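Structure at a glance
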Amino acid sequence: MRIQNQQPSPLIDPEISYRAAKLHEGDLRLLRRVVRSQIFNCYEKRGTPMPRAARGEFDPVRFEVIRSALLAVVEEMGATLRRAAYSTNIKTRGDFSCAFFDSECRAVVQAFAQPSHLGSLAHIVPAAIEKYGRERLQPGDALLTNDPYTGGVHLNDITLISPVFIEDKLFGYVANIAHHVDVGGSTPGSIGVSKEIFQEGIIIPPIRFMQKGNIDPNVFDIIRANIRGEREVSGDFRAQSAANRIGASRLIELADRFGVADSIYYMGQLLEYTDRRVSSNLSTFPEGRYHAQCQFDNDGNTDEPVDLSLTVEIADGIFTVNFEACPAQRPSSLNATFSQTYSAVMYVVKCLIDHDIPVNDGLYRQIRVKTRPGTITHATYPTAVAAGWEVAMHICDLIFKALSEAMPERTIACTKGIVCNLAFGGINPTSGEYFTYYETIAGGCGATAANDGMDAVQAHFQNTENAPAEEVELYYPVRILRYELIPDSEGPGKQRGGLGIRRDFLFPGWNASFSILSDRAIFPPWGLAGGQPARAAKYILDPDGKATELSSKTTITLAPNAVISIQTPGGGGYGNPHDRDPKKVSEDLRQQRISRLRAETAYGAEKGP
Amino acid sequence: MTNSVQRPASSSSSPATVRACRIGIDIGGTFTDGAIVDEATGKVRIVKVLTTPRAPAEGFMTAVDRALEISEARPESVTMLVHATTIATNALIEGKTARVGLITTRGFRDILEIGYQIRPELYNINQVKLSPLVERRFRYEIGERLDAQGRVLEPLDQVGLRAAVRELKARGVEAIVIAFLHSYLNTVHEDIAERIVREEMPEAFVSVSSHVCPEFREYARTSTAAVNAAVMPIVARYLDQLSCSLVRRNIRAPFYMMQSSGGVMKASLAKARPVYIVESGPAAGVIAAGAFARSVGFENIISFDMGGTTAKVGVVQEGLPKLSPEYEVGRKTYSPIGEGKGAGYPVRTPVIDLVEVGAGGGSLAWVDSGGAFRVGPESAGSEPGPACYGRGGHRPTITDANLVLGRLNSDFFLGGEMRLDDGAARRAINEHVAKPLGLDLLTAASGILDVGNAGMIGAMRIVSVQRGYDPREFALVAFGGAGPLHANALAKELGIDVVVVPTSPGVATAAGLLLTDIKHELVATRRMVLSSEAIPMIVDSFSEFNERALRMLAEDRDQWSEVTFLRSIEMRYRGQSHELNVPFPGEMAPHLLEKALRASFSQKHLDAFGYISEQDLIEIVNLRMSAVGHVPSVRRDVLGVGNGDIGRAQKGTRDLWVRGSGALQAPFYDRYKLLAADEVPGPAIIEEIDSSTLVLPGYSAGVQAEGHLIIRPLSAA
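Thresholds, definitions, all that
Residues numbered from 1 in each chain as written. Chains lettered and ligands numbered in written order. Predicted model: local features only at pLDDT ≥ 70, side-chain atom pairs only at ≥ 80, totals over all residues. Heavy atoms only, no water. Helix = DSSP H or I, 4+ residues; strand = E, 2+ residues; numbered from the N terminus. Rg over C-alpha atoms; globule rule 2.2 N^0.38 Å. Buried < 20%, exposed > 50% of the residue type's maximum accessible area, 1.4 Å probe, protein only. Contact = heavy atoms within 4.5 Å. Areas by Shrake-Rupley, 256 points an atom, 1.4 Å probe, with all protein chains shown as cover. Lys, Arg positive; Asp, Glu negative; His and termini not counted. Charge placed at Lys NZ, Arg CZ, Asp CG, Glu CD. Pairing = 2+ DSSP bridges. Salt bridge = Lys/Arg side-chain N within 4 Å of Asp/Glu carboxyl O. Axes fitted to C-alpha atoms, helices over the stretch in contact; angles between N-to-C directions. Parallel < 35°, antiparallel > 145°, perpendicular 65-115°, else oblique. Left-handed = near helix turned anticlockwise from the far one by under 90°. Nonpolar A, V, L, I, M, F, W, Y, C, P; charged D, E, K, R; others polar. Core = buried A, V, L, I, M, F, W, Y, C linked by side-chain atoms within 4.5 Å. Phe/Tyr/Trp six-rings, centres within 6.5 Å; stacked < 30°, edge-to-face > 60°. Buried area = accessible area lost by both parts, 1.4 Å probe. Polar contact = N/O pair within 3.5 Å; in protein donor to acceptor, adjacent residues only side chain to side chain.

Each helix and strand in chain B was counted, giving 16 helices and 36 strands. Taken against the 2.2 N^0.38 rule, which gives 27 Å for 717 residues, the C-alpha radius of gyration of chain B at 26 Å falls within 12% of a compact globule. Going through the 717 residues of chain B one by one, you find that 61% of them count as buried. By sequence separation, contacts in chain B at least 24 residues apart represent 68% of the contacts at least 6 residues apart. When the accessible surface of chain B is split by element, carbon and sulfur atoms take 52% of a total near 25800 Å². Of note, chain B has its 76 positive side-chain charges centred 2 Å away from the centre of its 82 negative side-chain charges.

Our next topic: the pairing of strand E15 (residues 501-506) of chain A. Residue and element names in this part refer to chain A. For E15, the buried fraction is high: six of the six residues fall into the buried class. Side chains of E15 alternate between two faces, with Ile-501, Arg-503 and Phe-505 and Arg-502, Asp-504 and Leu-506 buried alike. Here strand E14 (residues 479-485) pairs with E15 via six bridges, running antiparallel. Note that in E15 the partner of Glu-484 across the bridge is Arg-502. Bridge count between E15 and strand E20 (residues 563-567): five bridges; the pairing is antiparallel. The partner of Arg-502 across the bridge, within E20, is Gln-567.

Before going further, it helps to spend a moment on the pattern of salt bridges. Across all of its chains, the model carries 82 salt bridges over all chains by this definition. Put simply, Arg-330 of chain A and Asp-299 of chain A hold a salt bridge, and the shortest N to O gap is 3.1 Å. Of the two residues, Arg-330 of chain A is situated in the loop between strand E10 (318-322) and helix H10 (338-352) and Asp-299 of chain A in the loop between strand E8 (288-296) and strand E9 (306-315); the sequence distance between them amounts to 31 residues. Its salt-bridge partner being Lys-169 of chain B, residue Glu-203 of chain B comes within 3.6 Å of it at the nearest N-O pair. On the criterion of sequence distance, the pair formed by Glu-203 of chain B in the loop between helix H5 (188-200) and strand E11 (205-208) and Lys-169 of chain B in helix H4 (residues 158-170) is long-range, its members being 34 residues apart. Taking the relative accessible area as the measure of exposure, Glu-203 of chain B reaches 48% and is therefore partly exposed. Lys-169 of chain B gets classed as partly exposed once you look at its relative accessible area, which sits at 37%.

Turning to the packing of H4 of chain B against H5 of chain B, a few remarks are in order. In a pair of packed helices, the angle between the axes and the distance between the axes together describe the arrangement. Residues and elements named next belong to chain B. H5 packs onto H4 with a crossing angle of 45° between their chain directions and a minimal axis gap of 10 Å. In terms of their interaxial angle, H4 and H5 are classed as oblique. Viewed along their axes, H4 and H5 form a crossing whose handedness is right-handed. In this structure, H4 contributes Gln-158, Leu-161, Arg-162, Val-165, Arg-166 and Lys-169 to the contact, and H5 contributes Ile-192, Ala-193, Arg-195, Ile-196, Val-197, Glu-199 and Glu-200. Taken together, the residues of the contact of H4 with H5 break down into six nonpolar, one polar and six charged.

What follows covers the nonpolar core. Side chains of a nonpolar character, in soluble globular proteins, are inclined to be buried together. Grouped together as the largest cluster of nonpolar side chains are 181 residues, with contacts concentrated most on Leu-70 and Phe-100 of chain A together with Phe-304 and Leu-476 of chain B. With near-sequence residues (within four places) excluded, Leu-476 of chain B lies in contact with Ile-302, Phe-304, Met-460, Ala-487, Leu-490, Ala-491, Ile-496, Val-498, Val-499 and Val-500 of chain B. Formed by 120 residues, the second largest nonpolar core is a distinct cluster that contains Ile-516 of chain A together with Ala-164, Val-177 and Val-206 of chain B.

This part is about the sheet that holds strand E10 (residues 175-179) of chain B. Residues and elements named next belong to chain B. Sheet architecture is open: four strands sit in the order E7-E6-E10-E11, paired in parallel fashion. The outermost strands of the open sheet, each flanked by one partner alone, are strand E7 (139-142) and E11. Averaged over all pairs of adjacent strands, the angle between their axes in this sheet comes to 20°, without regard to strand direction. Strand contacts of H4: strand E6 (100-105), E7 and E10, with the helix running at about 170° to E7, the strand carrying the most contacts. Seen against the sheet, helix H7 (residues 218-248) touches E6, E10 and E11 and runs at an angle of roughly 160° to E11.

With that out of the way, let us pick up the packing of aromatic side chains. Residue and element names in this part refer to chain A. Within the structure shown, the criterion is met by 33 aromatic pairs over all chains. Ring centres of Phe-198 and Tyr-381 lie 6.0 Å apart, and the angle between their planes is 85°; this geometry places the pair in the edge-to-face category. In this pair, Phe-198 sits in the loop between strand E5 (169-179) and strand E6 (207-211) while Tyr-381 sits in the loop between strand E11 (367-370) and helix H12 (388-402), placing the two residues 183 residues apart along the sequence. Each ring, one from Trp-389 and one from Phe-461, has its centre 5.3 Å from the other, and the planes form 45°; the classification is tilted.

Residues and elements named next belong to chain B. Checked against the element boundaries, Pro-396 lands in the loop between strand E23 (373-379) and helix H10 (398-404). Between the C-alpha atoms of Pro-396 and Ala-424, which are 28 residues apart in sequence, the distance is 8.9 Å. In contact with Pro-396, other than residues within four places in its own chain, are Ser-363, Leu-364, Ala-365, Ala-428, Ile-429, His-432, Val-433 and Ile-448.

On the chain B side, the residues contacting the 109 residues of chain A number 90 residues. For the pair chain A and chain B, the summed buried surface comes to about 8600 Å²; carbon and sulfur atoms form 49% of the total. Seen at the junction of chain A and chain B, the total is nine salt bridges. The closest approach of N and O atoms between Glu-471 of chain A and Arg-217 of chain B, which form a salt bridge, is 3.3 Å. Counting across the chain A and chain B interface gives 39 residue pairs in polar contact (both at pLDDT 80 or more). Of all the secondary structure elements, the ones that give two or more residues to the side of chain A that touches chain B are helix H2 (28-37), helix H3 (42-45), helix H4 (60-84), helix H8 (230-258), helix H9 (260-282), H10, helix H13 (469-475) and E14 of chain A. For the side of chain A that touches chain B, the element with the most residues is H4 of chain A, which contributes 15 residues. Of the residues in the side of chain A that touches chain B, the class split is 46 nonpolar, 24 polar and 39 charged.

Let us now look at unusual backbone geometry. Put simply, Tyr-381 of chain A and Pro-382 of chain A share a cis peptide bond, and its omega is 0°. In this fold, Pro-382 of chain A is placed in the loop between E11 and H12. Across the junction of Gly-682 of chain B and Pro-683 of chain B, the peptide omega takes the value -5°, indicating a cis bond. As for its position among the elements, Pro-683 of chain B is in the loop between strand E32 (679-681) and strand E33 (684-688). Phi is positive for Cys-420 of chain A, close to 65°, though the residue is something other than glycine. Mapped onto the elements of the fold, Cys-420 of chain A is located in the loop between H12 and strand E12 (421-427).

Tracing the backbone through its elements, the reader meets Gln-127 of chain B in the loop between helix H3 (111-114) and E7. Only 2.6 Å separates the side chain of Gln-127 of chain B from the backbone oxygen of Glu-121 of chain B, close enough to count as a polar contact. From its side chain, Gln-127 of chain B meets the backbone oxygen of Asn-124 of chain B in a polar contact 3.0 Å long. In this structure Gln-127 of chain B touches Met-454 of chain A together with Arg-119, Pro-120 and Glu-121 of chain B, once residues within four positions along its chain are discounted.

Encoded structure:
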């Protein structure tokens, strides 16, 4: 192995990029390994006379083997991205996704820990390639985009797409999407209350970010000049390019192992297989139209609540969610792009069908999402979209609510119902560096007909990890004073909802800018089938003193040593709380999850000491 | 790198009249395996007795007695006893742990329960959280606070602490965890708290986070200390019981426990740190594989342990097993690779890095609702077991496929103790796989193996290719009951040229216990930018480690002949949150040391991620040291040399079906009759009581002097 550290080391040295470009790869090290080892060429070497595909034969064994190999490729991309990334959000919290698309831009296989990425990449990749022009793509190129109106989500989620060529023919694309901590705009973390997209940060339409395997330094400089915490974000971009490099080289190995024609044939079969399984699941769903509606606290600019309504239509094996009755978008951040709305629907569909159905183009074929452009579920230029995931979270809870009578055993009461975006930043008083920090906080899960909701977890499409208090305090001028469950925050029910979380931040001796982009301070999570609502969210300044309640969407500058307390909602209950097993009530009481008063008033427990 | 301290030859003081021997005991789910080696002759003998789950000590003692009996050794001649057990793991999985109290920083009472704040399963609305190891009512918050530099912001409320301990005692708590924020930087509050707990409750089992796991990230540290406390009373009672029984049998040899990291520690130490022995069984397997391979000249291996329900894959590089700093215990169910984080209790102690896939002999083959051919992760287990066991199982498994394809001998399974029902296997495969997929029986059976193998290849890719190694540079060491049947096909697929099948592969783990070294793991979080100022800190810390390690090793001076200190530094670019482990190059001039560390970190980063950053500062996070006391290995006895005619071992021929070659007439052999230097050309099956080895056409299995088989392609031989 070459030692590179004596001489100045560019990202990738010129020799690598030159040869890599020729062979459509970004990294000599990997390339050498491929060329040298031909690790998985055994099928070809054994002299399979002719691809089975060409003979029109389907081999179920080959199918399964190729499917495992494809999944291994995107999982390895994910492992690479995660390890090489800089920001806590990507590394520890796993806020990213990797996928492979065939040459027709159909998603073939995807690896992710965040279901929020379920439908989004499937929209972004084809839209970006169409806009940029497929014919302009050269080996070694990579496109970068975060454009919310070209299939994208909010600006923080940035996608990198690399074409993969085999013998000068396009084989497909590897892509990954990652949530960047900051993309500029008017508030640290880029998640503040705003009116139009320009306030939310840098907009990157699909552009060529890499050429011949190298990041274009001019483009990179423009992007870096527009973001806070340049160092961290730069590292994340490099990690994204490393993931695509690994993915591309592994696909080339895979095609080499199984043969290009066979690989393409079985990828197609994988999509058909998925479609078949989705269809057979959908055929068991009760046909009909199911409606539900709810409200958001406000849009952050006015105090007026925002309506959300939808109708689920199940007919002829097609699952449709119709949002056409949603109100027009407002000049606020509380708007979802079509991709976000679509992702929310796909998340719920994935919960309703068998869990082992793979994620690819075949998953989407029987699902329809109807929206009107220019509404809060289909934002159009130039409205802001930073709180779009809050809209998506409400959509998930609302679809389950709509289906609660038709499919009671497969639905769940309202969860914490918020993504709960928090960001703070400013000049670090010790280092003098401009920094931003972003996180989201878990809460209660909704109860179901069978089980209590989980305490203190992320909800629905959101499954990002927390950052350890020791790590946060080490890197940022902040102190975490409390991180605990909130007793009595559950929605009572025969099955109770989960408990919410309280997390208190203190900013010692400096003026932090603190942004909250959340909801459910006014409209708490609902119960189902007689279950009761949970405690609403509270966002409190100086919780142990004046205790000023803040709006769920706000940016404020804090006085030195100020404390902010974020208290997330619990989950809604399921069924009449008076029907709850008294043993469970007394166990919750014994473990101090509920108070004595709560046990008596909400659950009808006998008066105790 | 390593530095070694030589000691005069070991004081093996046993008089010549006593036949000195070592015993290894491995307790598994079904069987308790024992291995005994005669130090003079090197003869290894194996015993197998039934596990006694209610009272594992009984099975243990039965195995010890049997081992002494068959080797005609006397109790007082035992010089060393090594044990691997699943007692801690089982307690965690079954939720039968001790009643534990937690003393923690105010505001952080729920740390064990909030965990990572994630759901292990993404789309299951009915999932339930694993219950925390400490009930909420036994978790007490105490006034105290350090900052992120380890400075005291608020002194410890000793009065409140004393009151809390008294309450915990009154409420019947047996073990107490002490875990305060930032204690990895400054143990002052945990130390005072420990003293107070011991004063108030001398009988308590105490687990202090900064002692058990002095690393940052409070959830992982607290969880490690909690797992330690939760199994401490159970492990302590068990080990006390064993020690008593051993003394009653007049066995006074030093008694060691296998650790998750692959070394052994004194049983007395394991009582205080039981969290270090949680994964002792799987670790012993990898150690065994590494040791057997080394004895036949291979230092780089992929270990492949395939049993009834899963296959475990690990890597040994340059004789050292790959370790991982963290894992989860207590998961109720097997979860596929890449999913299920948060389904168990995190433990941050070095553990041999194993990837486990749901593919074992009992894994079920099935056709899903979309018509795809699947194998596992569901398993028929041992009850009802594969269809061919004839115990009520009707669904086809990997074992059934092996039988139908002629790889297993229906008359010689477990040495003939169980007859396999070939007809039942055929019926199961026909009905559940062949017919639904429109395949003939043999193609379907062969498909079961290919699909199962695909999952195992995935696991091998994770431990090799995904971590930057080329599998072709490794030897594959196959053990476990089913490993040797699949190894040749897997090696062929991965381009691996050498397969090693040790003697008695089904009980290799117990034999591995006889081959381990004494090991102590030291770690300290020392977060600093890599610069000239950091060098003295590194040097001082390691010399402090040296002293501590020598003190610890001094206890076992009779067992080791030489010690090695493996020192490494976990580093990253500042801002990253996963570290790369860089070997410490040894003492040298400070500026050279800094340069060397920088160079080797850069190289590691380039290897792992394909880039190097010039702008970013390199940050040191943890210093680690493994202090290894090498136990002199016993030279194993050797087989007689064969005359080249393997006819003496042939039991017969039967039909063997191999993909690509169709039906072949293959000879099958009695492994016990093979002699050194024999060559068994494929296709062939080599049978022994606890396993069978398949040699594919185009390969040949050579019998090595100590009896291990080495399978290589004929072209390379």
